[in-house]
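What follows is each chain in one-letter form.
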Amino acid sequence: MDPKVTESDPPSYRNGITKVLQYGEFTATGNRKVRYAVSLTERDLTIQKITSTPAGRSKVVFNLRDCVGCRAFSAVDNADAGAYFSVYFYPFKRRWMSSGVARQRVEQCFRVALFQDPRANLEEAEKWAGTIRESSVRQQHLRNRVLYSEVHRPCGVMLLVNPHSGKGQALSLFTGHVQRMLNEAGIPHTLVITERQNHARELVREADLSKWGALVIMSGDGLLFEVVNGLMEREDWEKAIQTPLGILPGGSGNALAASIHHYSGAQPVSSEELLVSCGFLLCKGLVSRMDLASVHLGSSPSNPTRLFSFLSLAWGFVADVDVESEKYRHVGAARFTMGTLVRLASLRVYKGRLAYLPVDEVDGEEDGQSPVSLEEMTSMSPQHQPPSSAFCSSTLLCRPLKDSPCQNAAHHTFRNSNNAFKAKKREPMSANATLTGPPDSLLVPLDQPVPSDWVVVPEEDYVLMLAMYQSHLAKDLYVAPDSTLDDGLIHLIYVRAGISRMALLRLFLAMEKGTHLANNCPHLVYTRVRALRLEPYSSKGVITVDGEVVEYGPVQAQVHGGIARLITR
């Protein structure tokens, strides 16, 4: 049955509060005898089945924050004068076979047949589709003191897929989930399948980035590592690194994908549910700032190699597991569990010297800072951009948490220890003419002692050292619970030698829920720093940056707050 009424001047308010933007009565696409009253407000789309008895009327309300897009289209059958519009939602719904909630796809499609003229019906359907899209876009938020901005979608996105990542299913996951979501959101995209290692790095280093609104990576964290470093190797790196980056989990670790899902406030998920969550964030197209760390490798102090890292720097147990578990790649994310058990069976001790620049107790406080839009940020160089600020509280992030149960094994452990000592101060490292990117003002050359305001850890025997800039090291390893995308901090964790295998296993099990810092493990140390240096003494070992093996030897790093852009929420 065709709709009877479409109110051109609907009631101003429904339920006494919410303004109704559009109201109409439409038939279902599969059964024209079923009619629905559809009401659009600034925040919701309400759908109510129309029946002769009030008891039979069912109402469903969809929040426009969960809407990724809406499209209008003509009937396939030329004899059908009606037009249609479909709305695509990804609300949180309870899982069918397990507890908790996850985003799940819901499509609502309606037939518009107000006129005999098919073109008039299509115009009405397009009016609905346009208003729904506009209302959905307006559901933006002010978070982290930055006004989020939409990706400039008309330019489209370059989507790079590594077909060999994870279990080798990245391409099929793209066609099975992501491609449909992008089409629903009306996001034009060009698919690029990487062919070899560093293919993406070379591609973005030479690409005309003005053609793209964003670069989206579907793989593990390794492909994003290539893209970030390719951008930072460009002569126009300062502008290039502001290109919004998107991440879709298609690998084994998927640490950044798990982190941005966590930052969105959603419950932990895995596998395809994590992919849908990140796909939803990509379709919403909201951009925020992300820290990068500059990492110097020092086999040749006169000509250091510099990399840029978005995730982690690891040495010892974690790095060994990451590398040695490659042989189990065919089992997907379970490779890390298998690698952990194997390495626990033959636990190693690693010798070296660790030093770091602690966060100053008053550093980073920005009370009264006014909001800044992405357009304003991108018009400024990183040196003039406003400092990062976590939405919870800059004071919370930068001052020792005196009442925290994990603090007794964290910040004060060595900073206030009588055994800690200070080294001689040296001039900051000057920018190497052959290195692109921002100058590392907190670092001195690796062949010189660290500055006097650094803390040098007296112990030299370790089980692991891990520097994190995101919350997750893998989808089920919640390593840095206090981390945010642009807090301007390195979250430094190390475990001293002497820990038992069972205690280390308990520590990693606690990392699944992020409770490891509160279990008062005497061998675990956690502190927030701006820069660090590691000098391994052991002749053999592994160092990884964002999960990628790098040259073994002295290494140092400093964080650069908010210089990259990431599609998140």
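Right, let's walk through the structure included here.

What counts and what doesn't
Residues numbered from 1 in each chain as written. Predicted model: local features only at pLDDT ≥ 70, side-chain atom pairs only at ≥ 80, totals over all residues. Heavy atoms only, no water. Disulfide = S-S within 2.5 Å. Helix = DSSP H or I, 4+ residues; strand = E, 2+ residues; numbered from the N terminus. Buried < 20%, exposed > 50% of the residue type's maximum accessible area, 1.4 Å probe, protein only. Expected span 1.5 Å × (residues − 1). Pairing = 2+ DSSP bridges. Axes fitted to C-alpha atoms, helices over the stretch in contact; angles between N-to-C directions. Parallel < 35°, antiparallel > 145°, perpendicular 65-115°, else oblique. Left-handed = near helix turned anticlockwise from the far one by under 90°. Contact = heavy atoms within 4.5 Å. Nonpolar A, V, L, I, M, F, W, Y, C, P; charged D, E, K, R; others polar. Phe/Tyr/Trp six-rings, centres within 6.5 Å; stacked < 30°, edge-to-face > 60°. Lys NZ or Arg CZ within 6 Å of the ring centre and 35° of its normal.

The subject of this paragraph is the state of the cysteines. Tallied over the full model, the rule gives zero disulfides. Here cysteine 70 is not disulfide-linked; the sulfur of cysteine 67 is the nearest cysteine sulfur, at 6.5 Å.

Negative phi characterises most residues that are not glycine, and trans characterises most peptide bonds. The backbone phi angle of asparagine 198 is positive, close to 70 degrees, even though this residue is not glycine. By secondary structure assignment, the location of asparagine 198 is in the loop between strand 15 (189-193) and helix 3 (199-206). Even without glycine at this site, asparagine 520 takes up a positive phi of about 55 degrees. What makes asparagine 520 partly exposed here is its relative accessible area of 44%.

We now examine helix 7 (residues 271-284). In a regular helix each residue adds 1.5 Å, so 14 residues correspond to 20 Å; helix 7 covers 21 Å between its end C-alpha atoms and thus fits that length. Most of helix 7 is tucked away: 11 of the 14 residues are buried. Within the span of helix 7, buried status applies to Leu274, Leu275, Val276, Ser277, Cys278, Gly279, Phe280, Leu281, Leu282, Cys283 and Lys284. Directly after helix 7, the chain includes glycine 285, whose backbone phi takes a positive value near 65 degrees.

If you trace the backbone, alanine 79 turns up in the loop between strand 6 (67-74) and strand 7 (83-89). Taking the C-alpha atoms as reference, alanine 79 lies 9.8 Å from proline 118; in sequence the two are 39 residues apart.

So, on to the pairing of strand 27 (residues 490-496). Across the seven residues of strand 27, seven count as buried, placing the element largely inside the fold. One ladder, built from six bridges, connects strand 27 with strand 28 (residues 524-536); its direction is antiparallel. Note that in strand 28 the partner of valine 495 across the bridge is leucine 524.

Moving on, we come to the packing of helix 3 against helix 4 (residues 221-232). Following both chains from N to C, one finds helix 3 and helix 4 inclined at 30 degrees, their axes separated by 7 Å at the closest point. The angle between helix 3 and helix 4 falls in the class roughly parallel. Here the hand of the crossing between helix 3 and helix 4 comes out right-handed. Here helix 3 contributes His199, Ala200, Arg201, Val204 and Arg205 to the contact with helix 4, which in turn contributes Leu223, Glu226, Val227, Asn229, Gly230 and Leu231. Considered class by class, the residues forming the contact of helix 3 with helix 4 number five nonpolar, three polar and three charged.

Our focus in this paragraph is the side chain of asparagine 254. Among the secondary structure elements, asparagine 254 is positioned in the loop between strand 17 (245-249) and helix 6 (255-263). Since its relative accessible area comes to 8%, asparagine 254 is described here as buried. Non-local contacts of asparagine 254, meaning those with residues more than four positions away in its chain, are made with Ser219, Gly220, Asp221, Pro249, Leu274 and Lys475.

It is worth spelling out helix 6 at this point. Burial of helix 6 is extensive: eight of the nine residues sit out of reach of the surface. Those residues of helix 6 that sit buried are Ala255, Leu256, Ala257, Ala258, Ser259, Ile260, His261 and Tyr263.

This part covers the environment of aspartate 66. On the secondary structure map, aspartate 66 appears in the loop between strand 5 (59-63) and strand 6. Residues aspartate 66 and serine 136, 70 residues apart in the sequence, show an inter-C-alpha distance of 8.2 Å. For aspartate 66, the residues in contact, after removing those within four places along its chain, are Tyr88, Phe89, Tyr90, Pro91, Arg103 and Phe280.

Attention now goes to the packing of aromatic side chains. Counted under the stated rule, the structure contains 12 aromatic pairs. Relative to tyrosine 494, the ring of tyrosine 462 has its centre 5.7 Å away and its plane inclined at 80 degrees; by these criteria the two rings are edge-to-face. With tyrosine 462 in strand 24 (residues 461-468) and tyrosine 494 in strand 27, this residue pair connects regions lying 32 residues apart in the sequence. A network of ring pairs unites the aromatic residues Phe26, Tyr36, Phe85, Phe110 and Trp128 as a single cluster. If you follow arginine 71 out to its NZ or CZ, it ends over the ring of phenylalanine 73, 4.4 Å from the centre. When the ring centre of phenylalanine 280 is taken as reference, the NZ or CZ atom of arginine 103 above it lies at 3.8 Å.

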